[in-house]
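Survey of secondary and tertiary structure
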Amino acid sequence: MKILVIGSGGREHALVWKLAQSPLVTEMWCAPGNAGIAQERTKKTEKPVECANIGAEDLPGLLALAQEKRVDFTVVGPDNPLALGIVDLFQKHGLKIWGVNQKAAQFESSKVFSQKFMEKHGIPTALAGTFSDVTAAKRFCATLGGKCVVKADGLALGKGVLMCLNQTMAEKAVDEIMVGKAFGAAGANVVIQEFLEGIEVSMHALCDGKTAKIFPTSQDHKRALDGDRGLNTGGMGTYSPTPFLTDAELAETARTVLEPFMRGCVAEGIDYRGLLYPGVMLTKSGPKILEFNARFGDPETQVYLTRLENDLVELLDASASGTLAKQELKWSPLASVCVVMASGGYPGSYPKGKVITGLAAANALPHTKVFHAGTALRDGQIVTNGGRVLGVTALGTDVKAAQAAAYAAVEQIRFEGAQFRRDIAAKAF
Ligand code: AMP
Ligand code: GLY
């Protein structure tokens, strides 16, 4: 089987690494990929994974590549190509592809759509309203005492969410998004939610249009600095499992969230085949959904795929083909921790082209895998090429052991200005 993976981050490196282990795979491409992805080989044929210099949003270019290489199965990592309709396009040309179609991608590309869907189908979420009118929006904030979260409707690179503690802040947030157009057209409509308190966890479920199979929980660390201080980022580290939900509570959450979700999709003519990643707040009155993502999380994928024992090709094929009910997800009892090493300055501006050393030493440590995100190969050396640079991931008998192993690997790696959190997974203890 010939496989193409779309994307270039740590998530895509983890997808490529795991897919390449499948005995079904003979050849692989990644577009555009990164320096770490280019070092992977298919286990069965030992062929290097080839990175093609085509952007993840260049849909005609990606289609031409899949046709030219006679790719059997394409796997999409990031949200943008999904929202642009890559799945619909490939299917129209008779190509098999994994990921949600454009209609299903709305769960991530429109927060207004998601909020209305949750309310209509009885999925537990924050008390909320959706608005296209500034005055009505501000009036709703006031009913919440100003303690609320104002969200731009559309995709805003994870930045269109403003947390407010009082009415002054809330009105400023509404003005910034709806009048000042701080996030452009994404802010023409807003969702305003009550400010929920609790522990935030990531849920993932693989779906095939009828069936949803839930993963164990994981937890991301979105702020740049230790102790959840500093700016919001794409994610500075993850671990799995988390101690915050028992297996019974996770199953109960799956029942109250995934069952109405899948039923609602069928009722509304949405064929949801792909990954569903709800952001969940564990509040005193139970789990509440903050938002839906329609793809694998990054860096959640790095910890999930190091724990997954199934053949990922079989699982994604079952998700795309509607045969997931026959699959049983198997997870290693080991815990996994991923520490993201970022460029100095991230999530603000940062330099590129810094030489990275110690990768081989880190990868040589037991149960350790260094996933690349923003890296490139320059004159035979691996250099930094993005904000999040590496996802240093390790397994251990428990979260504590995995954490120690991940940081031991981080210690081996050097690049000028390297920045990482020292408290990834500390919340588990
Ligand atoms: P979202 O993109 O909607 O997940 O929001 C980004 C982040 O904002 C989340 O990961 C939460 O940390 C925070 N957040 C979003 N909605 C709420 C809410 N209703 N209450 C508290 N925090 C929230
Ligand atoms: N881990 C955050 C995200 O993938 O959106």
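Here's what I pulled together on the structure shown here. Along each chain, the written sequence defines residue order, and numbers are assigned to residues from 1. Lettering for chains starts from A, numbering for ligands starts from 1, and both go in the order in which the items are written. The model is predicted, so local features are restricted to residues of pLDDT at least 70 and side-chain atom pairs to those at 80 or more, both for listing and for counting; the totals for chains, interfaces and linings are taken over all residues. For side-chain calculations, the full set of non-hydrogen atoms in the structure is used, while hydrogens and water are omitted.

**Some points on the layout of surface pockets**
- Any residue with an atom within 4 Å of a point lines the site, the site being either a cavity, points on a 1 Å grid over the protein atoms alone where a 1.4 Å probe fits but cannot get out, or a pocket, an open set with protein on both sides within 12 Å along at least 5 of 7 lines. Grid points are joined across faces, edges and corners, and a volume is the space filled by probe spheres set on the points. When its volume is computed, the second largest pocket comes out at roughly 170 Å³.
- Forming the walls of the second largest pocket are Ile214, Pro216, Thr217, Pro241, Thr242, Leu245, Thr246, Asp247, Leu250 and Ala251.
- Numbering of helices and strands starts at the N terminus; helices are DSSP runs of H or I of at least 4 residues and strands are runs of E of at least 2. Ranked by residue count, the leading element in the lining of the second largest pocket is helix α9 (residues 247-267), at three residues.
- Of the residues assigned to the lining of the second largest pocket, the class counts are six nonpolar, three polar and one charged. Classes in brief: Ala, Val, Leu, Ile, Met, Phe, Trp, Tyr, Cys and Pro nonpolar; Asp, Glu, Lys and Arg charged; the others, Gly included, polar.

**Side note on helix α13 (residues 399-412)**
- Here the expected length of a helix is defined as 1.5 Å per residue gap, with one fewer gap than residues. Look at α13: 20 Å from first C-alpha to last across 14 residues, which is about the 20 Å you get at 1.5 Å a residue.
- The rule is simple: take the accessible area with a 1.4 Å probe, protein chains only, and divide by the maximum for that residue type; under 20% is buried, over 50% is exposed, in between is partly exposed. Turning to α13, its buried residues number three or more, namely Val399, Ala402, Gln403, Ala405, Ala406, Tyr407, Ala409 and Val410.
- By definition in these notes, contact holds between two residues if any of their heavy atoms fall within 4.5 Å. In this structure, the buried side of α13 is in contact with β16 (237-240), β19 (335-342), α12 (359-363), β20 (368-372) and β23 (388-396).

**Some thoughts on the sheet that holds β23**
- In space, the five strands of this open sheet follow the order β13-β16-β19-β23-β20, with antiparallel pairing throughout. Whereas interior strands pair on both sides, the edge strands pair on one side only; in this sheet they are β13 (219-220) and β20.
- As judged from the two bridges shared by β13 and β16, these two strands associate in the antiparallel manner. If you follow Asp220 over to β16, its bridge partner there is Thr238. A pair of strands is labelled paired if DSSP reports no fewer than 2 bridges between them.

**Some points on unusual backbone geometry**
- The peptide bond linking Ser240 to Pro241 adopts the cis configuration, its omega dihedral lying at 0 degrees.
- Omega for the bond connecting Tyr346 with Pro347 falls within 30 degrees of zero, at 10 degrees, which places this linkage in the cis form.
- In this structure, Pro347 sits in the loop between β19 and α12.
- Non-glycine residue Asp228 carries a positive phi angle of around 55 degrees.
- Inspection of the secondary structure assignment puts Asp228 in the loop between β14 (223-225) and β15 (229-232).

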